[in-house]
Every structure is written in structure tokens, then in C-alpha cells.
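Breakdown of the fold
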Amino acid sequence: MKQLYLLFAFAGFFLVACSSSDKEKEIEPVPVPTPYQLQFSDRFQPPSIPEDNPLTVEGVALGRRLFYEKRLSGNNTISCGSCHQQKLAFTDGQAFSTGVDGQQTTRSSMSLVNLAWNKTFNWAGEANSLEAQARIPIENPLEMHQNMDEAVRELQNTATYPNLFQKAFGTSTITSDLMLKALGQFTRTLISTNSRYDKYRAGEATLTVEELEGMQLFFTHPDPSRNLRGGNCGDCHGSDFFTLQQFHNNGLDVDFADKGRGAVTGKATDNGKFKAPSLRNIAVTAPYMHDGRLKTLEEVLNHYNDHIQNASPNLDPLIIEASNKIQGKSLELTPAEKAKIIKFLQTLTDDSFLKDERFSETSTP
């Protein structure tokens, strides 16, 4: 009996010791990422966020560092932020962006704005998610030209990135998948809904008579039979996003050096079509079009008013229909009407977005 008692006593001591040891191990709980709250206009419906990549404060912060991280380029000289500068609504002011070793890319840098609501990305819709989109410029030989495994290796060997990935994703082991998820989280936060136009819609500001007349012309589809004069702009750049996210041939060329959407789908009927970009902050994103051929907003208005290539294959039906209503002559906008449309477009500039410190460059390790 005495031996049995000693056995139970020892077992009890062992259990207490183990319990004490377990408690010591549980002193430091695994940190849980903090949910990130998107801020946007109440006129916008909440965007659809991927279930496998919810927004967190730590993930967005990591994504911002990666966005400005030059290690993501093959020669460590450029970052995503090199071609997407905040002061220019995340464009770079060039007709064609400059990649590693000074190489010229084949298209103009698109503005990064309100991407959380987009279904396709890039001028021709090459990607269907922000995570997939982030991979394209990193690997493109004319852009960042970096091997993903090498990018991961370089980040893993830093003193800070493993800890940042631990905070954001619960692991200090960096992978390309997690890297792209972090970039996707950050770019989803690039939201612009605080322009003068937005304040006007909210009843917090007024627009001038010319700006209001320009807005009317912008959204009006012309119809001489009803005495409707308009710029036909809203047919492709409608909604509060100022894009319907569709692909159009807007009559720039008869022959296509860049097939655009057709190169993605393989359909001849998509040749020459490019995504209608958002016109938010358009006054600071010159030059315009996928190849930056138009230097000013005046040139853009002149193109749609007078220089549509009617023989262009796959010319958008909305452009054909509007032209036919006025005998194919042009939109017949007067210089004063074009100036009013431009004044309206300038109300879409969101100064707070262009200066928001949450999106600005941060030092990288």
C-alpha cells in the first residue's frame, strides 16, 4: 500500500509539474492580425475581399513596404512605386514606363485607384485578381524582371521581413504566395472618393456653372433628333467609379501594333480593345491612352470629337452609333463645350488621396 501511495504521489507531482510547464509555455500567445477597416464613400457598395486574403493592419503595412521594395526587381533598382507614384495618382507621367536597366515597357502605367472593386486588371485584363496582377510586373523582363524564388530568398535573408511576415501571416517563412497576398492587401486600400465632385454629391461643396455644364455634357449621349448635345464620355466611363470596367476599341488605329484584349482572349473581335480606365484624378495622370500618345486632356477631347478612325476593326458600337446620329461628322462639340468637360474632369482630383500618408513610401530594410 505504501508503494502504491508513493506511486500516486509521484504521479500527482508529475502532473502538477507538467501543468506548470504547460502554463509557462502558454505565457506568450500567438499574435492575431488586426482586421483592417476600409474607408470609402457610402455611395459605394462594400467590395468583395478574397476569403483567403482578408485585410489586416499588419498585412497592409507589409504590403506597403513591399510596394516600395527595390529587392523585388532583378537588379534591385526599381520598385512597384517607381512606376506608380502617389502624387500622380499612382502613374509615372511617362508614355511608356521605364523598367530595369532602363528598358522601355510597351504600355503606359495605369493609375491604381479603387482596385478593390475591379474584376480585371491591366490594360487588357491579363489578371483577374490583385494577387495575380502583382506577379506580372515582377516577372516581366521589361519591367522588374525578378525571379520570384530569388525575391523570396532576398527578403528571407533580411533582418526585418521574416518578423513582418510573422505578424501579418503567422509565419516567418516567406513564400511568393504570401508576398503577393500582402501586395494585394495594400493595393486594395488605395481608395479615392474625396474629390470636389464627391463633396458636391454629398452636398458639402458646390461646382461652378461651367463645371456643371461640363458634367452634363460628360454624361450625355448625343442625339440631335432630341436636341441632346453631349460628349458621349459616360458610355464607357460611367458610374461613381468613372469606369464600367469594359474593353473598347476607341478608334485610335486602323492597324494594331498592340492587340490589347485580343492578345489575352485570342479572339480577333477583341483586337484593339483596351480597358476603359477610371477617370478619377485624370488631371494628374497624363499622358493618356494605353500608349500615352495623347499628351493633354485637350488632345483627348479632340480625338473623340474629330479624329476617330472609323475604319478601325472592332470600333466600339457606342462610338459608331453616336457618330451616325450626327451624320458621322464628329461629336460636333464646340471649343467652349470641350473646355467645360475638361473643367468637370478636373473636379475628379482627390488631393487627400494624392497626399495620404497611409499610401506613401516607407523606408525598407
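A short tour of the structure in this document, coming up. None of these values were measured; they are calculated from a predicted model.

A closer look at the layout of surface pockets
The space that makes up the second largest pocket amounts to roughly 210 Å³. As for the second largest pocket, its lining consists of 16 residues, and the residues nearest its centre are Q39, I191, T193, D356 and R358. Taken together, the residues that form the lining of the second largest pocket break down as six nonpolar, seven polar and three charged.

A word on the nonpolar core
Across soluble globular proteins, nonpolar side chains have a tendency to be buried as a group. If you look at the biggest cluster of nonpolar residues, it comprises 45 residues, and the most contacted ones within it are L66, F67, L72, F90, F165 and M179. For this core, the secondary structure elements donating two or more residues are α2 (57–67), α4 (130–139), α5 (148–156), α6 (161–169), α7 (176–188) and α15 (351–355). Among the elements that line this core, the one with the most residues is α7, at six residues. One finds M215, L252, L297 and L348 within the second-largest nonpolar core, a separate group that totals 22 residues.

Brief notes about α5
Buried within α5 we find M148, A151, V152, E154 and L155. Axial view of α5: buried residues confined to an arc of 165 degrees, hence all on one face. Where α5 is buried, its residues meet α2, α4, α6 and α7. At the N-terminal boundary of α5, the capping side chain belongs to N147, with an oxygen 2.9 Å from the backbone nitrogen of D149.

Topic: the pattern of salt bridges
Considering all chains together, one arrives at 20 salt bridges under this definition. Note that D198 is salt-bridged to R43, the shortest N-O span being 2.7 Å. Of this pair, D198 sits in helix α8 (residues 196–201) while R43 sits in the loop between α1 (2–25) and α2, and the two are 155 residues apart along the sequence. The exposure class of D198 is buried, given its relative accessible area of 3%. Residue classification places R43 among the partly exposed residues on the basis of a relative accessible area of 24%. Among the ionic pairs, D258 bridges to R107, the shortest N-O distance being 2.8 Å. Residue D258 is located in the loop between β1 (247–248) and α11 (261–265), and its partner R107 is located in the loop between α3 (80–83) and α4; the two are separated by 151 residues in the primary sequence. This pair shows no difference in class: D258 is buried, exactly as R107 is. Where salt bridges share partners, they join R43, D198, R201, D240 and R280 into one cluster.

A short note on empty space enclosed by the protein
Counting across every chain of the model gives one cavity of 30 Å³ or more. If you go around the largest cavity, the residues you meet are N249, N250, L252, D253, F256, G272, F274 and H290. Here the residues of the lining of the largest cavity sort into three nonpolar, four polar and one charged.

Points about the state of the cysteines
Enumeration according to the criterion identifies zero disulfides in this entry. There is no disulfide at C83, and the cysteine sulfur nearest it, in C80, is 8.7 Å away. Judged by its relative accessible area of 16%, C83 is buried.

What to know about the packing of α2 against α6
The contact between α2 and α6 brings their axes to 8 Å, and the two run at 145 degrees. Like other packed secondary-structure pairs, α2 and α6 cross with a definite hand, here left-handed. In contact with E58, G59, L62, R65 and L66 of α2, α6 contributes Y161, L164, F165, K167, A168 and F169. For the contact of α2 with α6, the residue count by class is seven nonpolar, one polar and three charged.

Focus on helix α12 (residues 297–306)
Taken residue by residue, α12 has L297, V300, L301, H303 and N305 as its buried positions. Buried residues belonging to α12 abut α14 (335–346).

Here we look at the packing of aromatic side chains
For the structure on display, the rule yields 18 aromatic pairs. Plain terms: the ring middles of F44 and F241 are 4.3 Å apart, the flat faces sit at 50 degrees to each other, and that makes the pair tilted. Here the residue F44 occupies a position in the loop between α1 and α2, and F241 occupies one in the loop between α10 (234–237) and β1, the gap between them amounting to 197 residues. An angle of 80 degrees between the planes, with centres 5.8 Å apart, marks the rings of Y197 and F344 as edge-to-face. With Y197 in helix α8 and F344 in helix α14, this pair connects stretches of sequence that are 147 residues apart. F344 shares its class with Y197; the two are buried. Members of the aromatic cluster, joined through ring pairs, are F67, Y68, F90, F186, F353 and F359. In this structure, R261 is placed above the aromatic ring of F247, and the distance from its NZ or CZ to the ring centre is 4.3 Å. K275 extends its terminal NZ or CZ atom over the ring of F121, reaching a point 5.8 Å from the ring centre.

Here is what the cut-offs are and how they apply
Residues numbered from 1 in each chain as written. Predicted model: local features only at pLDDT ≥ 70, side-chain atom pairs only at ≥ 80, totals over all residues. Heavy atoms only, no water. 1 Å grid on protein atoms, 1.4 Å probe; cavity = no way out; pocket = protein on both sides within 12 Å on 5 of 7 lines; lining within 4 Å. Points joined across faces, edges and corners; volume = space filled by probe spheres on them. Nonpolar A, V, L, I, M, F, W, Y, C, P; charged D, E, K, R; others polar. Core = buried A, V, L, I, M, F, W, Y, C linked by side-chain atoms within 4.5 Å. Buried < 20%, exposed > 50% of the residue type's maximum accessible area, 1.4 Å probe, protein only. Helix = DSSP H or I, 4+ residues; strand = E, 2+ residues; numbered from the N terminus. Arc of directions from axis to C-beta. Contact = heavy atoms within 4.5 Å. Polar contact = N/O pair within 3.5 Å; in protein donor to acceptor, adjacent residues only side chain to side chain. Salt bridge = Lys/Arg side-chain N within 4 Å of Asp/Glu carboxyl O. Disulfide = S-S within 2.5 Å. Axes fitted to C-alpha atoms, helices over the stretch in contact; angles between N-to-C directions. Left-handed = near helix turned anticlockwise from the far one by under 90°. Phe/Tyr/Trp six-rings, centres within 6.5 Å; stacked < 30°, edge-to-face > 60°. Lys NZ or Arg CZ within 6 Å of the ring centre and 35° of its normal.

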